[in-house]
Amino acid sequence: MNKLSPLRALIVLMFASFIVYPAALSLASPPLPYFRYFGMLADEYGWPVLQGDKTVVILKQGTNECARYTANELLGNGINYILEAPVDYAAGARYASYAVRKGEAVTVSVLVNGVAQPLMGGSTMPAVGNPGDAVRVDLNIGTDLDGDGLSDQWETALIINN
């Protein structure tokens, strides 16, 4: 009777497991490119938020945080934030709780020095698109109770100064 060496037995066992259960090889999918949200984040007076303002933009799908970015004017071309959302293949369980799927609704929030800020127009973002695509979404910190497109803070400052 031939004796198999421990190494040879291990190799035979591994090979046999892939023959018996080939699905183990086919369940994984390659990582998909990120879906990106980018744009200009402006303060209550319409000025672009700068890097030194300690402002963080957070993307969420439900209660799960998907991406975050500290506003930075060095991105150039009228862009001071970019959120790269990892995209999950739309089959079965997610590979991670923070991954999004095409067509899902996402929201955005903004923290300034750790304090949540309201956003004019609300926090809903366009639905997640195709992996590798990007959409520009400009955001304004502040409230607009009368719905005229001007922040209440700016209107109050304008009235006080006139």
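Residues numbered from 1 in each chain as written. Predicted model: local features only at pLDDT ≥ 70, side-chain atom pairs only at ≥ 80, totals over all residues. Heavy atoms only, no water.

**Quick notes on the overall build of the chain**
At step 1: On a plain count of helices and strands, the chain comes out with three helices and nine strands.
At step 2: Tracing the chain from N to C terminus, the helices and strands come up as α-α-β-β-β-β-β-β-β-β-β-α.
At step 3: Evaluated residue by residue, the chain yields a buried proportion of 28% over its 162 residues.
At step 4: Taking the intrachain contacts of the chain between residues at least 6 apart in sequence as the baseline, contacts between residues at least 24 apart amount to 57%.
At step 5: In the form shown here, the chain has an accessible surface area of approximately 10400 Å², with 61% of it arising from carbon and sulfur atoms. (Helix = DSSP H or I, 4+ residues; strand = E, 2+ residues; numbered from the N terminus. Buried < 20%, exposed > 50% of the residue type's maximum accessible area, 1.4 Å probe, protein only. Contact = heavy atoms within 4.5 Å. Areas by Shrake-Rupley, 256 points an atom, 1.4 Å probe, with all protein chains shown as cover.)

**Here we look at the environment of serine 109**
At step 1: Following the sequence through the fold, serine 109 ends up in strand β6 (residues 107-112).
At step 2: Sequence separation between serine 109 and threonine 124 is 15 residues; the distance between their C-alpha atoms is 9.2 Å.
At step 3: If sequence neighbours within four positions are ignored, serine 109 has contacts with Val56, Val57 and Ile58.

**With respect to the confidence of the model for the chain**
At step 1: Residues with a pLDDT of 70 or more make up 83% of the chain, whose mean pLDDT is 84.
At step 2: Within the chain, helix α2 (residues 23-26) has the poorest average pLDDT of any element, 46, and strand β8 (residues 134-136) the best, 97. (pLDDT = per-residue confidence, 0-100.)

**Some thoughts on the sheet that holds strand β3 (residues 55-61)**
At step 1: In space, the four strands of this open sheet follow the order β4-β3-β6-β7, with antiparallel pairing throughout. Strands with a single pairing partner mark the edges of an open sheet, and in this sheet they are β4 (64-70) and β7 (115-117). Between one strand and the next, the sheet's axes are offset by a mean angle of 35°, whatever the strand orientation.
At step 2: Sheet topology note: the β3/β6 ladder contains six bridges and is antiparallel. Looking at β6, one finds that isoleucine 58 is bridged to serine 109. (Pairing = 2+ DSSP bridges. Axes fitted to C-alpha atoms, helices over the stretch in contact; angles between N-to-C directions.)

**Here we look at the pairing of β4**
At step 1: Taken together, the six bridges between β3 and β4 define a ladder with antiparallel strand orientation. In the sheet register, leucine 59 faces β4, and the bridge partner there is alanine 67.

**Observations concerning the nonpolar core**
At step 1: Counting 23 residues, the largest nonpolar core has Tyr37, Leu41, Leu59, Tyr81, Leu83, Met125 and Leu139 as the members making the most contacts within it.
At step 2: Per-element tally for this core: the top contributor is strand β5 (residues 81-85), with three residues. (Core = buried A, V, L, I, M, F, W, Y, C linked by side-chain atoms within 4.5 Å.)

**Quick notes on the side chain of asparagine 80**
At step 1: Tracing the backbone through its elements, the reader meets asparagine 80 in the loop between β4 and β5.
At step 2: A relative accessible area of 1% means that asparagine 80 is categorised as buried.
At step 3: Sequence-distant contacts of asparagine 80, defined by excluding residues within four places in its chain, comprise Gly39, Met40, Leu41, Pro48, Val49, Tyr69, Ala71, Asn72, Glu73 and Leu75.

**Concerning the pattern of salt bridges**
At step 1: In this structure the tally under the stated criterion is five salt bridges.
At step 2: A salt bridge links glutamate 65 to arginine 68; the shortest N-O distance between them is 2.8 Å.
At step 3: The salt bridge involving aspartate 88 is made with arginine 101; its shortest N-O contact spans 2.9 Å. With a gap of 13 residues between them, aspartate 88 in the loop between β5 and β6 and arginine 101 in the loop between β5 and β6 connect regions that are remote in the sequence. Both residues of the pair, aspartate 88 and arginine 101, count as buried. (Salt bridge = Lys/Arg side-chain N within 4 Å of Asp/Glu carboxyl O.)

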